[in-house]
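Fold and geometry: a report
Chain by chain, the residues run as shown.
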Amino acid sequence: MGNLIRIRDLTVRFYTYEGVVHAIDDLDLDIRQGETLGIVGETGSGKTMTALAILRLIPYPGRIESGSIVFFDRDLHSEIELLKLSEDKMRSIRGNKISMVFQEPGAALNPVYTIGDQISEVFLLHQRRELGKRANKQVDRLLRDGDGLAASIKRPFWHWQKRLYNKIAQESNPFEPRFLSHVPLFRRLLWRLKNESKLLTVDMLKDVEIPDAARVAVHYPHELSGGMKQRAVIAMALACSPELLIADEPTTSLDVTIQAQMLELFRRIKVEKGASVLFITHNLGVASEVCDRVAVMYAGSLCEVASVEELFLHPSHPYTKALLDSVPMPGKELQTIPGALADPLNPPSGCRFHPRCPSATPVCQQEKAKLKEISKDHMVACHLF
């Protein structure tokens with residue numbers, strides 16, 4: 001199975017008045033085609049920053065200092081270096097080839113637009129070719145079925161409509177729907193494109209199992225429950241059938257029943273859409289349910305990467321073992337990890353975890369361990385191996 005995303009030596013820094021924040025340091029990570037890769041770790045370990053770096057959405061005053069993020073475009077059958085793309089080309093990939101479900105659905109949705117309008121915009125921006133073809137089918141039906149005096153008068157107008165939709169359906173068309181919407185002559189023509197996008201929106205809401213999707217599409221975000229808003233955000237992310245779906249703690253703010261429904265939805269999406277999923281969570285139980293492989297991060301560095309079964313049955317890095325031991329279990333005394341998360345403004349030298357590690361050696365304080373394969377598909381960054 002080939003890699004969809006290949007990250008090498010990724011370094012992200014935030015330049016603040018208090019100093020330089022070391023958010024991510026020399027990260028190496030692969031996301032394979034058709035898999036669900038989980039990223040787990042404490043708050044502040046760099047999980048969300050890794051996802052934002054893939055989309056080149058690092059907020060100010062942060063920036064990507066160095067590294068490489070290669071994306072394999074299945075449509076073009078070629079590799080694309082995301083960090084070298086222009087902003088316009090990167091914008092065409094966001095929401096189209098790579099989509100993200102953000103951690104808080106209420107913050108991801110615009111409160112002054114309906115759910116349908118916000119999802120329709122994705123189709124209008126990235127799926128104009130598909131919309132043009134669908135609109136053409138409607139015009140073909142009018143030309144085929146239209147008869148009588150009224151139809152004969154309108155037929156030249158329908159032919160003109162079809163030529164416009166053919167132009168829109170081209171790969172490199174000069175027409176921008178938002179621009180044409182300000183031209184009175186084109187407003188009625190674009191109404192059909194918007195109508196097609198609304199029909200696709202209702203279909204997407206049905207795909208994420210929202211009941212009475214047509215009614216929900218005309219509602220505003222504040223009129224929906226947390227679970228419904230999360231489903232709407234997932235529908236928006238899936239609108240263009242992305243090759244990579246990034247889910248940033250999508251079940252954190254939901255109750256247990258809705259969490260189970262969301263996890264089942266992600267499993268179904270992976271099978272039906274054939275997409276790869278980057279699933280970010282701090283819940284190891286959730287990771288064990290939905291992921292094929294799991295990457296463990298600590299203080300901006302990768303500690304361990306392995307399949308779910310291997311990681312839970314044979315954890316190797318001391319931090320991974322400490323994380324698993326800290327999961328509450330009936331009849332077992334709750335274990336904690338001593339100390340506090342490494343200060344990103346002044347990180348410890350060598351291995352970031354060594355001040356809290358019970359197995360630390362002198363070399364851990366001086367040198368950062370590199371990822372090494374200790375068994376098939378099991379990578380560990382630790383001097384003990």
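Now for a description of the structure that goes with this document.

Cut-offs used in this document
- Residues numbered from 1 in each chain as written.
- Predicted model: local features only at pLDDT ≥ 70, side-chain atom pairs only at ≥ 80, totals over all residues.
- Heavy atoms only, no water.
- Helix = DSSP H or I, 4+ residues; strand = E, 2+ residues; numbered from the N terminus.
- Buried < 20%, exposed > 50% of the residue type's maximum accessible area, 1.4 Å probe, protein only.
- Contact = heavy atoms within 4.5 Å.
- Areas by Shrake-Rupley, 256 points an atom, 1.4 Å probe, with all protein chains shown as cover.
- Core = buried A, V, L, I, M, F, W, Y, C linked by side-chain atoms within 4.5 Å.
- Pairing = 2+ DSSP bridges.
- Axes fitted to C-alpha atoms, helices over the stretch in contact; angles between N-to-C directions.
- Salt bridge = Lys/Arg side-chain N within 4 Å of Asp/Glu carboxyl O.
- Expected span 1.5 Å × (residues − 1).
- Polar contact = N/O pair within 3.5 Å; in protein donor to acceptor, adjacent residues only side chain to side chain.
- Phe/Tyr/Trp six-rings, centres within 6.5 Å; stacked < 30°, edge-to-face > 60°.
- Parallel < 35°, antiparallel > 145°, perpendicular 65-115°, else oblique.
- Left-handed = near helix turned anticlockwise from the far one by under 90°.
- Nonpolar A, V, L, I, M, F, W, Y, C, P; charged D, E, K, R; others polar.

1. Quick notes on the overall build of the protein
A count of helices and strands for the protein gives 15 helices and 12 strands. Expressed as a percentage of the 385 residues in the protein, the buried residues total 47%. Partitioning the contacts of the protein with sequence separation of at least 6, the portion at a separation of at least 24 is 66%. When the accessible surface of the protein is split by element, carbon and sulfur atoms take 53% of a total near 19300 Å².

2. A few points about the nonpolar core
Ranked by size, the top nonpolar core spans 59 residues in total, and within it Leu205, Ile234, Phe279 and Tyr319 carry the most contacts. Tallying contributions element by element places helix H10 (residues 226–238) first for this core, with seven residues. For Phe279, the contacting residues outside a window of four places in its chain are Thr36, Leu37, Gly38, Ile39, Ala247, Pro250, Leu263, Phe266, Val286, Val290 and Cys291. Membership of the second largest hydrophobic core comes to 38 residues, among which are Val21, Ile24, Leu27 and Leu37.

3. Focus on the pairing of strand E4 (residues 62–73)
Each regular strand carries side chains that alternate between the two faces of the sheet. Note that strand E1 (residues 3–16) and E4 share eight bridges and pair antiparallel. The residue bridging Arg8 from the neighbouring strand is Ser68, located in E4. Summarising the sheet, E4 and strand E5 (residues 78–81) pair through four bridges and their orientation is antiparallel. Opposite Phe72, over in E5, you have Glu79 as the bridge partner.

4. Details of the sheet that holds strand E2 (residues 19–32)
In spatial order, the strands read E2-E1-E4-E5; together these four strands make up an open sheet with antiparallel pairing. Where the open sheet ends on each side, the last strands, each with one partner, are E2 and E5. The sheet shows a mean angle of 10 degrees between the axes of neighbouring strands, taken without regard to direction. On the sheet, helix H1 (residues 47–54) packs against E1, E2 and E4 and is oriented at approximately 110 degrees with respect to E1.

5. With respect to the pattern of salt bridges
Counted by the stated rule, this structure contains 21 salt bridges. The partner of Asp212 in a salt bridge is Arg215, and the shortest N-O contact between them spans 2.8 Å. Overall, the relative accessible area of 45% leaves Asp212 in the partly exposed class. For Arg215, a relative accessible area of 41% translates into the label partly exposed. Glu272 is paired through a salt bridge with Arg268; the nearest N and O atoms lie 2.9 Å apart. Residue Glu272 and its partner Arg268 are both found in helix H11 (residues 256–273); the two are separated by four residues, about one turn of the helix.

6. As for helix H4 (residues 115–126)
Taking 1.5 Å of rise per residue, the 12 residues of H4 would be expected to cover 16 Å, and the 18 Å separating its terminal C-alpha atoms lies within 8% of that figure. Taken together, the buried positions of H4 are Ile115, Gly116, Gln118, Ile119, Ser120, Val122, Phe123 and Leu124.

7. Brief notes about the environment of His317
Structurally, His317 is set in the loop between helix H13 (308–313) and helix H14 (318–325). Sequence-wise, His317 and Met379 are 62 residues apart; in three dimensions their C-alpha atoms are separated by 9.6 Å. When sequence neighbours within four positions are dropped, the list of residues in contact with His317 reads Cys303, Glu304, Phe353, Val380, Ala381 and Cys382. Within the structure, the side chain of His317 is placed 3.1 Å from the backbone oxygen of Ala381, a separation counted as a polar contact.

8. Examining the environment of His77
Along the chain, His77 falls in the loop between E4 and E5. Among the residues examined, His77 registers a relative accessible area of 64% and is labelled exposed. A polar contact of 3.4 Å, which involves the side chain of His77, links it to the backbone oxygen of Arg74.

9. Structural notes on the sheet that holds strand E7 (residues 244–248)
The mixed open sheet is built from eight strands, whose spatial order is E6-E7-E8-E3-E9-E10-E12-E11. In this open sheet, the two strands that pair with only one neighbour each are strand E6 (98–101) and strand E11 (372–375). Looking at each pair of strands side by side, their axes are set apart by 20 degrees on average, direction ignored. Of the strand pairs in this sheet, strand E3 (residues 36–40) and strand E9 (residues 293–298) are connected by four bridges, and their pairing is parallel. Within E9, the position partnered with Leu37 by the bridge is Arg293. Across the sheet, H14 touches E9 and strand E10 (301–307), and the angle it forms with E9 is around 100 degrees.

10. Some remarks on the packing of aromatic side chains
The tally for this structure, following the rule as stated, stands at four aromatic pairs. Aromatic pair Tyr298 and Phe353: ring centres 5.1 Å apart, planes at 80 degrees, arrangement edge-to-face. Taken together, the positions of Tyr298 in strand E9 and Phe353 in the loop between H14 and helix H15 (362–366) put the pair 55 residues apart, joining distant regions of the chain. Relative accessible area serves as the criterion here: at 2%, Tyr298 is assigned to the buried category. One aromatic cluster is present, formed by Tyr298, Tyr319 and Phe353 through successive ring pairs.

11. Some details on the packing of H4 against H10
Look at H4 against H10: their axes get within 8 Å of each other, and the N-to-C directions meet at 20 degrees. Comparing the axis directions of H4 and H10 gives the class roughly parallel. In the packing of H4 onto H10, the handedness of the crossing is right-handed. Of H10, the residues touching H4 (which contributes Ile115, Gln118, Ile119 and Val122) are Ala232, Ala235 and Met236. Grouping the amino acids of the contact of H4 with H10 by side-chain chemistry returns six nonpolar, one polar and no charged.

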